[in-house]
Amino acid sequence: RLETLDYEEADGVAWVTLNRPEVMNAFDTTMQRELRDLWRWLRRHDEVRVVVLTGAGEKSFCTGIDRTEGIGPGARRRRSEGSAGDEDFGADEIRIGSGTTPFMFDDPGSNLGPKSNDLWKPVIAAVNGMAAGGAFYMLGEVDFIIAAEHATFFDPHLTFNMAASFEPLQMSGRMPFGDLVRLTLLGSAERMSAQRALEIGLVTEVVPAGELRERAGWAAGEIAKAHPVAVQGTLRALWAGRELSRSQALGLGWAFVGLGNDPEALDEGQRRFASGERVEWRLR
């Protein structure tokens, strides 16, 4: 049973809802663990072809880490108290920050992000309110974002004397450098509107709050109709193009095509095309 997430699925689409509205869907160690396990389970759950990620309520998608759990050097010392004999070496514990030296670092992003957990099924974010700080761990690894009109984006780290690193790095490929620097350096003093996020390409569509689920569900449902191997091969190619140089990505193109083109699926698609079948499309 999930404590911090809601999960539902139908017609090849899974809806994953961050469900801690009492703290604006901030993530604690339990949510980290549940998200990590869920992303990794979905890799082998063939009934699901596409995922929609959203937050409970209308106020917030996610406001980052739940600070009530304790962060910083003091929190790390508290976690390290006790003798070696008290340590459960088999426990899969969720930690944040450095261990006994700064060269071993546990970051929430390795638990929260679908790509960090090797999930290559498309993930659409439906942002239903504030997306702040640690929310960017997730938004940096989804495939595209649809936002409600009242959604806002900001990073409060510097307001509270914390260096921002992983979160803006996750967003570095999603918005122009100047906008990212401004968002990060101004902390809680300024929030980016959904309309501005649309203008710079951070989100792909802005809709009234009451239409957010329908729009995200429609996009997910259309993608779910395609052959999953072809979709995942395409997704791998797109992310390679984002993260590698042009020539490196093109050099892998043959592999993505060869692995992603299932002969039977290709034949079925060709038959549908030859039959004159056409798609009813929407204009965005």
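Scroll up to find the structure this text is about.
Residues numbered from 1 in each chain as written. Predicted model: local features only at pLDDT ≥ 70, side-chain atom pairs only at ≥ 80, totals over all residues. Heavy atoms only, no water.

**Student:** Could you clarify how one ought to interpret the overall build of the protein chain in this entry?
**Tutor:** Scanning the protein chain from N- to C-terminus turns up 12 helices and 12 strands. Counting contacts in the protein chain only where the partners sit at least 6 residues apart, residues at least 24 apart contribute 71% of the total. (Helix = DSSP H or I, 4+ residues; strand = E, 2+ residues; numbered from the N terminus. Contact = heavy atoms within 4.5 Å.)

**Student:** Looking at this model, I keep getting lost on the pattern of salt bridges. Mind explaining?
**Tutor:** Pairing is possible between side chains that carry opposite charge, provided their charged atoms lie close to one another. Tallying each qualifying case throughout the model produces 15 salt bridges. Arginine 282 serves as the salt-bridge partner of glutamate 214, at 2.7 Å between the closest nitrogen and oxygen. Of this pair, glutamate 214 sits in helix α8 (residues 212–224) while arginine 282 sits in the segment after α12 (263–274), and the two are 68 residues apart along the sequence. Of the residues examined, glutamate 214 reaches a relative accessible area of 38% and is grouped as partly exposed. A relative accessible area of 35% places arginine 282 in the partly exposed class. Through salt bridges with shared partners, a single ionic network connects Arg20, Asp28 and Asp66. (Salt bridge = Lys/Arg side-chain N within 4 Å of Asp/Glu carboxyl O. Buried < 20%, exposed > 50% of the residue type's maximum accessible area, 1.4 Å probe, protein only.)

**Student:** How do you make sense of the pairing of strand β3 (residues 50–55) when you look at a structure like this?
**Tutor:** Note on strand geometry: in a regular strand, side chains alternate between the two faces of the sheet. Across the 6 residues that make up β3, a large majority, 6, are buried. Neither face of β3 is open: one carries Val50, Val52 and Thr54, the other Val51, Leu53 and Gly55, and all of them are buried. As a crossover connection, the stretch from strand β2 (residues 13–18) through helix α1 (residues 29–42) into β3 is right-handed. As defined by bridge partners, β3 adjoins strand β7 (residues 123–127) across 4 bridges and the pair is classed as parallel. Residue valine 52 lies in a different strand from β7, and its bridge partner there is isoleucine 124. (Right-handed = clockwise from strand over helix to strand, strands pointing away. Pairing = 2+ DSSP bridges.)

**Student:** Would you mind going over the packing of aromatic side chains with me for this structure?
**Tutor:** What characterises a pair of aromatic rings is the spacing of the ring centres plus the angle enclosed by the ring planes. What the rule picks out here adds up to 3 aromatic pairs. Ring geometry for tyrosine 7 and tryptophan 41: centres 5.9 Å apart, planes at 75 degrees, overall edge-to-face. Of this pair, tyrosine 7 sits in strand β1 (residues 5–10) while tryptophan 41 sits in helix α1, and the two are 34 residues apart along the sequence. Assessed through its relative accessible area of 42%, tryptophan 41 is described here as partly exposed. Ring geometry for phenylalanine 27 and tyrosine 137: centres 6.4 Å apart, planes at 70 degrees, overall edge-to-face. Of this pair, phenylalanine 27 sits in the loop between β2 and α1 while tyrosine 137 sits in helix α4 (residues 135–139), and the two are 110 residues apart along the sequence. (Phe/Tyr/Trp six-rings, centres within 6.5 Å; stacked < 30°, edge-to-face > 60°.)

**Student:** How should I be thinking about the nonpolar core in this particular structure?
**Tutor:** Side chains that are nonpolar tend, in soluble globular proteins, to be buried together. Counting residues in hydrophobic clusters, the biggest one holds 41 residues, and the most contacted among them are Val127, Leu139, Phe153 and Leu202. Each residue touching valine 127, except ones within four places of it in the same chain, is listed here: Phe61, Leu139, Ile145, Ile146, Ala147, Ala148, Ala151, Phe153 and Leu212. Core analysis: the second largest hydrophobic core is formed by 14 residues, Val52, Ala126, Ala148 and Leu212 among them. (Core = buried A, V, L, I, M, F, W, Y, C linked by side-chain atoms within 4.5 Å.)

**Student:** Got a minute to help me understand empty space enclosed by the protein in this structure?
**Tutor:** The method is simple in principle: a probe with the dimensions of a water molecule rolls over the atoms, and the space it marks as empty is what remains. One pass over the structure, following the stated rule, counts 1 cavity of 30 Å³ or more. Taken together, Arg49, Val50, Pro122, Ile223, Ala224, Ala226, Pro228, Val231 and Gln232 make up the lining of the largest cavity. When residues of the lining of the largest cavity are traced back to their parent elements, those giving at least two are α8 and α9 (228–243). When residues in the lining of the largest cavity are grouped by element, the largest group, 3 residues, is from α9. In terms of residue class, the lining of the largest cavity is built from 7 nonpolar, 1 polar and 1 charged. (1 Å grid on protein atoms, 1.4 Å probe; cavity = no way out; pocket = protein on both sides within 12 Å on 5 of 7 lines; lining within 4 Å. Points joined across faces, edges and corners; volume = space filled by probe spheres on them. Nonpolar A, V, L, I, M, F, W, Y, C, P; charged D, E, K, R; others polar.)

**Student:** Honestly, the packing of α9 against helix α11 (residues 253–260) in this entry has me stumped. Any pointers?
**Tutor:** Axes are the key here: two packed helices are described by the angle between their axes and the distance separating the axes. Where α9 meets α11, the closest approach of the two axes is 8 Å, and the angle between their N-to-C directions is 165 degrees. Considering their axes alone, α9 and α11 lie roughly antiparallel with respect to each other. For the pair α9 and α11, the sense of crossing is right-handed. From α9, Val229, Ala230, Gly233, Arg236, Ala237 and Ala240 reach across to α11, where they touch Phe256, Leu259 and Gly260. In terms of residue class, the contact of α9 with α11 is built from 6 nonpolar, 2 polar and 1 charged. (Axes fitted to C-alpha atoms, helices over the stretch in contact; angles between N-to-C directions. Parallel < 35°, antiparallel > 145°, perpendicular 65-115°, else oblique. Left-handed = near helix turned anticlockwise from the far one by under 90°.)

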